[in-house]
Amino acid sequence: MIRHLVLFKLNDGVAKDDERAVAGAEAFAGLGPVIPELREWECGWNTTDRDIAYDFAINSLVDDRAALASYLNHPAHQAAAGQWREFATWVIADIEV
């Protein structure tokens, strides 16, 4: 199994109530039931206000590298990630569990 973790940092001047951020969060929220490779899917806004904190997180689980590749290339994932490229940067970790 592979745990896929993503942390998003909104660009300067972008707040979580910005219409782009709201739409991006909604796009990711809907991925769980759409992509069959996802065994677990969680995403949401950070609840703490610390300088080192990221703003939005994804925590997901897939069976293996092939499933991760399918998820990453899925059109719904590509569309959601494409929205975030407009207003945020992110870091990713894929760990075998």
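Notes on the structure in this doc start here. (Residues numbered from 1 in each chain as written. Predicted model: local features only at pLDDT ≥ 70, side-chain atom pairs only at ≥ 80, totals over all residues. Heavy atoms only, no water.)

1. With respect to the overall build of the protein chain
Step number 1: Counting its secondary structure elements, the protein chain contains three helices and four strands.
Step number 2: If you list the helices and strands of the protein chain from N to C, you get β-α-β-β-α-α-β.
Step number 3: A globule of 97 residues ought to have a C-alpha radius of gyration of about 13 Å, and the protein chain, at 13 Å, matches this closely.
Step number 4: Oriented by its inertia axes, the alpha-carbon framework of the protein chain measures out at about 35 × 25 × 15 Å.
Step number 5: The proportion of buried residues among the 97 residues of the protein chain is 33%.
Step number 6: Residue pairs at least 24 apart in sequence account for 72% of intrachain contacts in the protein chain once pairs closer than 6 positions are excluded.
Step number 7: Total accessible area computed for the protein chain in this model is approximately 5800 Å², and 52% of it derives from carbon and sulfur atoms. (Helix = DSSP H or I, 4+ residues; strand = E, 2+ residues; numbered from the N terminus. Rg over C-alpha atoms; globule rule 2.2 N^0.38 Å. Buried < 20%, exposed > 50% of the residue type's maximum accessible area, 1.4 Å probe, protein only. Contact = heavy atoms within 4.5 Å. Areas by Shrake-Rupley, 256 points an atom, 1.4 Å probe, with all protein chains shown as cover.)

2. Quick look at a nonpolar patch on the surface
Step number 1: On the surface, a nonpolar cluster with roughly 330 Å² of combined accessible area is contributed by Met-1, Leu-5, Ile-95 and Val-97.
Step number 2: Within the element layout of this structure, Val-97 appears in the segment after β4 (88-96).
Step number 3: Val-97 sits in the exposed class, given a relative accessible area of 60%. (Patch = residues over 30% accessible without salt bridge, like charges linked within 9 Å, V, L, I, M, F, W, Y side chains within 5 Å. Salt bridge = Lys/Arg side-chain N within 4 Å of Asp/Glu carboxyl O.)

3. Section: the environment of Ile-58
Step number 1: Topologically, Ile-58 is positioned in strand β3 (residues 56-62).
Step number 2: Excluding residues that lie within four positions of it along the chain, Ile-58 makes contacts with His-4, Leu-5, Val-6, Phe-8, Phe-28, Trp-41, Glu-42 and Cys-43.

4. Observations regarding the pairing of strand β1 (residues 2-10)
Step number 1: Bridge count for β1 against β3 is seven bridges, and the pairing is antiparallel. Residue His-4 lies in a different strand from β3, and its bridge partner there is Ser-60. (Pairing = 2+ DSSP bridges.)

5. What to know about the pattern of salt bridges
Proximity of charged atoms lets side chains of opposite charge pair with each other.
Step number 1: Inspection of every chain in the model, using the stated rule, returns four salt bridges.
Step number 2: The salt bridge partner of Arg-3 is Glu-40, with a shortest N-O separation of 3.0 Å. Of this pair, Arg-3 sits in strand β1 while Glu-40 sits in strand β2 (residues 40-45), placing them 37 residues apart in sequence.
Step number 3: For Arg-3, a relative accessible area of 18% puts it in the buried group.
Step number 4: Residue Glu-40 is classed as partly exposed on the basis of its relative accessible area, which comes to 36%.
Step number 5: Here Asp-18 ties to Arg-20 by a salt bridge, and the two come within 3.0 Å at their closest N and O atoms.
Step number 6: On the basis of relative accessibility, which here comes to 18%, the residue Asp-18 falls in the buried class.
Step number 7: A relative accessible area of 36% means that Arg-20 is categorised as partly exposed.

6. Regarding the pairing of β3
Step number 1: Extensive coverage of β3 is indicated by the burial of five of its seven residues.
Step number 2: Where β2 and β3 come together, six bridges link them in antiparallel fashion. What sits directly across from Glu-42, in β3, is Asn-59.

That is the geometry; function is a separate question.
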